[in-house]
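What follows is each chain in one-letter form.
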Amino acid sequence: MAWTSVLDGERRAAALEVAYEVARRASDRNRIADSLTAAREQTQFPKTLRWRPHSVADGDAGVALMCSYLDRCAPADRWDKVAHDFLSNAIEAQRATSLRLGLFAGLNGLAFTTAELSRDGTRYQRLLAELDYAVMPAAHAMAEGLLRAPEPRGVGAFDAISGASGVVAQLLGRDAATDALKRLLEGLVSLAAPADGPPRWMTPAAFIAHEETARRYPWGNLNCGLAHGIPGPLASLALALRAGVDVEGHRRATRTFADWLASHRSDDRYGVNWPTMVPLPPPGKPDVDPARVSPSRSAWCYGSPGVARALWLAGEALDDASLRALAVEAILAVHKRPVAARQIPSPTFCHGVAGLLQIVLRFAHDTGMRELAGAAATLVDELLAAYEPERTLGFASLEPGGNAVDRAGLLDGAAGIVMVLLAAATDVEPTWDRLFLLS
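These numbers come from a predicted model, not from an experiment.

Let's talk about the packing of helix α3 (residues 60-73) against helix α17 (residues 414-425)
Okay, step 1: At a minimum axis distance of 9 Å, the contact between α3 and α17 shows a crossing angle of 25 degrees. Looking at the two axes, α3 sits roughly parallel to α17. When the axes of α3 and α17 are compared, the crossing they make is left-handed. Here L65, M66, Y69, L70 and C73 of α3 lie close against α17, whose contacting residues are A415, V418, M419, L422 and A423.
Okay, step 2: Classifying every residue of the contact of α3 with α17 by side-chain character gives 10 nonpolar, no polar and no charged.

Here we look at the side chain of E116
Okay, step 1: Structurally, E116 can be placed in helix α5 (residues 107-117).
Okay, step 2: Put simply, E116 is tucked away with no salt bridge, and the nearest opposite charge, on R72, sits 4.3 Å away.
Okay, step 3: In contact with E116, other than residues within four places in its own chain, are L65, S68, R72, T431 and W432.

Some remarks on the environment of A64
Okay, step 1: As for its position among the elements, A64 is in helix α3.
Okay, step 2: Sequence separation between A64 and K81 is 17 residues; the distance between their C-alpha atoms is 9.6 Å.
Okay, step 3: With residues up to four places along the chain from it excluded, the contact list for A64 reads A83, F86, L87, T113 and L117.

Examining the pattern of salt bridges
Okay, step 1: Applying the stated criterion across every chain yields a total of 32 salt bridges.
Okay, step 2: One salt bridge in this structure joins E186 and R183, with 2.6 Å as the shortest N-O distance. Highlighted residues: E186 and R183, both in helix α8 (residues 178-190), separated by three residues, approximately one helical turn.
Okay, step 3: What makes E186 partly exposed here is its relative accessible area of 28%.
Okay, step 4: We classify R183 as partly exposed; its relative accessible area is 27%.
Okay, step 5: One salt bridge in this structure joins R309 and D366, with 2.8 Å as the shortest N-O distance. Of this pair, R309 sits in helix α12 (residues 304-318) while D366 sits in helix α15 (residues 353-367), and the two are 57 residues apart along the sequence.
Okay, step 6: On the basis of relative accessible area, R309 is assigned to the buried category, the value being 1%.
Okay, step 7: Of the residues examined, D366 reaches a relative accessible area of 24% and is grouped as partly exposed.
Okay, step 8: Salt bridges here are not isolated pairs; linked through shared partners, they connect D71, R78, D80, R119 and R123.

Conventions used here
Residues numbered from 1 in each chain as written. Predicted model: local features only at pLDDT ≥ 70, side-chain atom pairs only at ≥ 80, totals over all residues. Heavy atoms only, no water. Axes fitted to C-alpha atoms, helices over the stretch in contact; angles between N-to-C directions. Helix = DSSP H or I, 4+ residues; strand = E, 2+ residues; numbered from the N terminus. Parallel < 35°, antiparallel > 145°, perpendicular 65-115°, else oblique. Left-handed = near helix turned anticlockwise from the far one by under 90°. Contact = heavy atoms within 4.5 Å. Nonpolar A, V, L, I, M, F, W, Y, C, P; charged D, E, K, R; others polar. Buried < 20%, exposed > 50% of the residue type's maximum accessible area, 1.4 Å probe, protein only. Lys, Arg positive; Asp, Glu negative; His and termini not counted. Salt bridge = Lys/Arg side-chain N within 4 Å of Asp/Glu carboxyl O.

Below is the structure:
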């Protein structure tokens with residue numbers, strides 16, 4: 001089905017007005033600089049503040065990606081020129097440093113953004129070839145690291161943000177990527193290999209960087225978030241199957257990951273839910289009952305929305321109606337939860353309302369369910385209510401505790417909100433959400 005807006009005329013006009021105004025601000029270098037200055041005074045987490053030109057998450061590359069979608073929605077407004085300026089700055093920064101491969105802050109993110117700007121490969125051909133030349137050997141090396149690792153490592157080896165799942169998502173759109181793509185898929189499949197004890201994708205305690213999290217999981221954990229956990233490999237494997245790319249053990253691994261998630265729910269009073277992480281027990285002790293672990297927030301990064309989307313994609317790839325039904329049940333349960341119970345007060349993408357809205361938009365499109373279209377419209381209202389025209393960027397990112405911070409970036413700032421409002425209000429398919437493993 002063609003992508004169509006889920007909004008009525010009045011909502012649609014309001015969403016477009018806000019989206020274009022915030023887009024102008026989020027692509028204004030003076031406002032970006034002003035927001036960074038303000039954010040340093042506002043934040044309680046200074047280490048999270050950064051503007052890295054090469055980064056899709058929080059840099060020029062992310063603004064370029066926003067502009068690529070604006071160019072498709074309003075080609076007469078010359079957003080492609082704005083995008084070119086930001087992409088050029090991102091590429092210049094990349095050439096001046098040594099980047100890792102990751103999707104959100106590395107070479108792969110730059111390749112993804114360039115492909116989105118290329119108008120189906122008719123532009124930026126030389127740059128795409130240059131990025132392919134750098135990405136492919138690094139992708140092979142990442143795959144070998146997964147395949148040859150003697151013991152489990154941190155989630156960064158396979159997750160969506162910096163690991164193999166995110167790299168697969170970008171390579172699926174590149175004709176030159178077949179060998180590297182298949183090798184990475186083999187690496188993800190290897191995570192499902194039978195093990196004496198916890199799965200190969202466990203996070204050992206020694207690889208948990210955050211001190212508080214490490215104390216909470218002294219024996220390690222099994223990560224359930226789409227951003228960093230096993231839903232990432234599941235979504236990438238499913239997307240590859242849907243694209244006709246299959247490697248040995250591919251379907252078995254997809255089934256293994258989907259079944260594990262289906263059996264490790266942590267439901268609440270509103271229905272299907274999942275924990276952020278399942279703790280591993282001390283050696284020799286029985287596994288922890290996931291039903292006794294507190295459910296996560298209702299976000300893209302962690303919680304049932306991201307898990308539900310991964311299960312839906314697996315259900316489509318495996319033609320499994322029961323997986324699709326579980327995914328729909330889970331996203332409907334999110335809609336039943338009061339706003340406060342979702343624990344996502346920020347309007348932004350990663351752990352906020354915009355990320356949930358984009359997932360609901362995908363479900364509404366794929367299922368045709370009027371209830372989900374209505375849920376999306378309600379979330380648009382929530383975003384519009386968070387708009388503050390007097391702020392530098394129009395929206396603030398809310399830190400834990402409700403502290404408001406001005407941020408321009410895509411993952412945690414105004415640019416990501418713009419893209420989701422446009423996805424809700426236009427008839428232009430948001431192909432950019434492959435970045436988040438949603439399509």
